[in-house]
Amino acid sequence: MNRASNNPDNEQYDSRPFRLPMFVHIYISLLAVTLITGAFIWLSSSFIMQNYIASECNHRINNAVNSCQSFAEAFRNSLSPEFGTEEQIRTNLLNSIVSSSDLSNEASIVLFEDDISETGYNVLWPTATYSVSSRNRAEKYLSTIIENMATNKSMTSNDIRSTLVDGNLVYYKFINVEYSSYEGADEPEYDQYYLLVYIDTSSYYDFTTAINVAIFRAITIAVLVSTVISILLAFPLFFSTRKLSKFAFRVGKGDFTPVKGHIMSSELSNLGYNMNKMAKKLEQSDIEQKTFFQNASHELRTPLMSIQGYAEGIKYDIFNEEEKKGAVDVIISETTRLTNLVENLLSISKMDMSRSGNYTVKKTILNVQELSEDVVARVRGNFLFDNKELVTDIRAENSYICANENDIFRMLENIFSNCNRYASKQVDFSVFKVKDSINFVISDDGPGIDRELLPTLFDRFAKGNDGKHGIGLALAKAIAEEHDGYITADNKLQGGAVFVISIPIIKPKVQLSQINNRGE
């Protein structure tokens, strides 16, 4: 049965019925490299040795032939009666040739006389005084080579030839040795002899075989070593990947406990480190999400309970006419509060989706001067209603930002709403350029922000003593970061809170063309 059928959370895990373990992958890789390298070395050495043997044998036979011819020529030029009889001269010549160290070091020789009318050929050297084995071996080589040369009418050849003798490759060449009686004889007589110069390559190929055996042993040892190395390499990787796999499975089940212990290789170690960071962020996100839903549920339930209570009081005539007007005002107020809360929740959810890449905030080029004046015009009525003063200082001529106008409005309105709630008499609003950014500074003359609250002021559902639902400042921070800016909060020396929002400015013509090209 496929394991995927037992694991409904992992339907595609076993799309294939069989997978090779990591050890086998590494072992096959090392084994393939070892065998391919060994085969290449073996083929290369065999090819090189064959060429080397052929070249070496040709060279040695040529040297031997040249030595024979040099002896014969030198002896022929020195023929005279004073050296003895013709038989003695011939014997001295042949003995000089066959016993020459220059010749014997290069190749083996067989001296024979062509006597087809009688026995076909007569081996003259090695003579009977040599060991029986040496003479038998010489005769055997001569016999086999002559049989292979049966199709040739002459035993002489200008080429070096090769043939197999008892499975051994033999390179050879025949030399025709013709002697006549020296000058002064009544009728010169010609004697026909032959020298077989040959080299038995069995010693070369024995050496080649020894090399091949050594290569085979080296390959065998390399295979065994590759097995050990693959085990040493695979098992730490196996345990490390298994540990990370179990960790990923735990994270999928909601257990964000970080993975501990040593992990093999820098890559897997980096993976483990990043997975720990991922688990920490997921844990934090999970906590924030649960807290968010709890707080959102509470914040939504409170106005809904008020609306329900007053609505039921009106329905069942619990209130008199005057109280009914107050109940309607409360319902309208709570409905407005509920609407603002829902809009803020939707906006902050949109910011979260944009940060994760699942949503794109549409942005346009905005004139900061006009934007700031529009915001002031929108919120001034609230200050007049609360009998508080809004002092503005806007100096942002010819300054532009790339932003979503509704989001910027909501961000600034949330800050204004917060400052208006805590201000005693006055709220100051200034806009000015600082290097490549535009700063929106909003401050009040209220009691300021509690020092203990400052570190978590922009967290979701973080509220002061007179706070509402704790979403406004968190949304303001999310919008500022969405526009590549930031927001800070602090207390003024003379009292009161001050909020600074910084948004990067752009060159309108250049940046607008770039944004249009990107399709934003």
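Anyway, here's the lowdown on the structure attached to this text. Residue numbering note: each chain is counted from 1, following its sequence as written. Given that the model is predicted, a residue must reach a pLDDT of at least 70 before its local features are reported, and side-chain atom pairs must reach 80 or more before they are shown or counted; all residues, however, enter totals for whole chains, interfaces and linings. Think of the side-chain values as coming from all heavy atoms in the structure, minus any hydrogens and water.

**Structural notes on the nonpolar core**
For step 1, the next point in the chain: Residues grouped as a nonpolar core are buried Ala, Val, Leu, Ile, Met, Phe, Trp, Tyr and Cys residues, joined through side-chain atoms within 4.5 Å. For each residue, the accessible area found with a 1.4 Å probe, counting protein chains only, is set against the maximum for its type, and the residue is called buried under 20%, exposed over 50%, and partly exposed in between. Membership of the largest hydrophobic core comes to 47 residues, with the highest contact counts inside it found for Phe416 and Phe499.
For step 2, the next point in the chain: Throughout, a residue-residue contact means that at least one pair of heavy atoms, one from each residue, lies within 4.5 Å. Other than its neighbours up to four places away in sequence, Phe416 contacts Val375, Val379, Phe383, Leu390, Val427, Phe429 and Ile442.
For step 3, the next point in the chain: Ranked by size, the runner-up nonpolar core spans 18 residues in total, among them Ile53, Ala64, Trp125 and Tyr171.

**A closer look at a negative patch on the surface**
For step 1, the next point in the chain: Candidates for patches are residues over 30% relative accessible area with no salt bridge; among them, like charges are joined within 9 Å and nonpolar side chains (Val, Leu, Ile, Met, Phe, Trp, Tyr) within 5 Å. Where accessible areas are quoted, they stem from the Shrake-Rupley method and a 1.4 Å probe; at the residue level, only the protein chains shown are allowed to cover. A carboxyl oxygen of Asp or Glu within 4 Å of a side-chain nitrogen of Lys or Arg is what we treat as a salt bridge. Think of it this way: Lys and Arg go in the positive column, Asp and Glu in the negative one, and His and the chain ends go nowhere. For this purpose, a charge sits on NZ of Lys, CZ of Arg, CG of Asp or CD of Glu. Together, Glu370, Glu373, Asp374, Glu397 and Glu405 line one region of the surface with negative charge.
For step 2, the next point in the chain: Strands here are runs of E lasting at least two residues and helices are runs of H or I lasting at least four, both read from the DSSP assignment and numbered beginning at the N terminus. Sort the elements by how many residues they give to the negative patch and helix α8 (residues 368–385) lands first, with three residues.
For step 3, the next point in the chain: When you line up the elements, Glu405 lands in helix α9 (residues 405–422).

**Notes on a nonpolar patch on the surface**
For step 1, the next point in the chain: Judged by side-chain polarity, Ile221, Val225, Ile229 and Leu233 come together as a nonpolar surface patch covering roughly 320 Å² of accessible area.
For step 2, the next point in the chain: Note on placement: Val225 falls in helix α5 (residues 202–252).

**Comments concerning α9**
For step 1, the next point in the chain: Expected helix span is given by 1.5 Å per residue-to-residue step, counting one fewer step than there are residues. Here α9 is 18 residues long and its end C-alpha atoms lie 26 Å apart, about the 26 Å a rise of 1.5 Å per residue gives.
For step 2, the next point in the chain: Along α9, the positions that sit buried rather than exposed are Asp407, Ile408, Phe409, Met411, Leu412, Asn414, Ile415, Phe416, Asn418, Cys419 and Asn420.
For step 3, the next point in the chain: Residue Asn404 occupies the N-cap position of α9, its side-chain oxygen lying 3.2 Å from the main-chain nitrogen of Asn406. The definition of a polar contact used here is a pair of N or O atoms within 3.5 Å, where within protein one atom must be able to donate a hydrogen and the other to accept one, and adjacent residues in sequence count solely through side-chain atom pairs.

**Focus on the packing of α9 against helix α10 (residues 472–482)**
For step 1, the next point in the chain: Axes here mean lines fitted to C-alpha atoms, for a helix over just the part in contact, with angles spanning 0 to 180 degrees between N-to-C directions. As a packed pair, α9 and α10 sit with axes 9 Å apart at the nearest point and diverge in direction by 145°. Note that α9 runs across α10; the crossing there is left-handed. Touching Asp407, Ile408, Arg410, Met411, Asn414, Ile415 and Asn418 of α9 are Gly472, Leu473, Leu475, Ala476, Ile479 and Ala480, all from α10.
For step 2, the next point in the chain: Residue classes follow a fixed rule: Ala, Val, Leu, Ile, Met, Phe, Trp, Tyr, Cys and Pro count as nonpolar, while Asp, Glu, Lys and Arg count as charged, and any other residue, Gly among them, counts as polar. Looking at side-chain class alone, the contact of α9 with α10 contains eight nonpolar, three polar and two charged residues. Note: crossing handedness is left-handed where the near helix turns anticlockwise from the far helix by less than a right angle, and right-handed where it turns clockwise.

**Overview of the side chain of His483**
For step 1, the next point in the chain: Tracing the backbone shows His483 in the loop between α10 and β11 (486–491).
For step 2, the next point in the chain: The exposure class of His483 is buried, given its relative accessible area of 3%.
For step 3, the next point in the chain: When residues no more than four places from it in sequence are discounted, the contact partners of His483 are Lys363, Cys402, Ala403, Asn404, Asp407, Ile408, Ile503 and Pro504.

**What about unusual backbone geometry?**
For step 1, the next point in the chain: For Asn387, which is not glycine, the phi torsion reads 60° and is therefore positive.
For step 2, the next point in the chain: Here Asn387 shows up in the loop between α8 and β7 (389–394).
For step 3, the next point in the chain: For Asn398, which is not glycine, the phi dihedral falls at a positive 60°.
For step 4, the next point in the chain: Tracing the sequence through the fold places Asn398 in the loop between β7 and β8 (400–403).
For step 5, the next point in the chain: For Asn398, a relative accessible area of 65% translates into the label exposed.

**Focus on the packing of aromatic side chains**
For step 1, the next point in the chain: The pairing test for Phe, Tyr and Trp rings, Trp by its six-membered ring, is centres within 6.5 Å, and the orientation test on the planes gives stacked under 30 degrees, edge-to-face over 60, and tilted for anything in between. The full count for this structure, using the stated rule, is four aromatic pairs.
For step 2, the next point in the chain: Considering the side-chain rings of Tyr172 and Phe174, the 5.9 Å spacing of their centres and the 70° angle between planes classify their relative orientation as edge-to-face.
For step 3, the next point in the chain: The class for Tyr172 is buried, based on a relative accessible area of 3%.
For step 4, the next point in the chain: An aromatic cluster is built from Phe383, Phe416 and Phe429, whose rings are joined through pairwise contacts.

**Observations concerning the packing of α8 against α9**
For step 1, the next point in the chain: As a packed pair, α8 and α9 sit with axes 10 Å apart at the nearest point and diverge in direction by 40°. Compared by their axis directions, α8 and α9 come out oblique. Pair α8 / α9 crosses with right-handed handedness. Along the contact surface, α8 presents Leu371, Asp374, Val375, Arg378, Val379, Asn382 and Phe383, while α9 presents Glu405, Ile408, Phe409, Leu412, Glu413, Phe416 and Asn420.
For step 2, the next point in the chain: A per-class count over the contact of α8 with α9 returns eight nonpolar, two polar and four charged. The labels follow the angle: roughly parallel below 35 degrees, roughly antiparallel above 145, roughly perpendicular from 65 to 115, and oblique for the rest.

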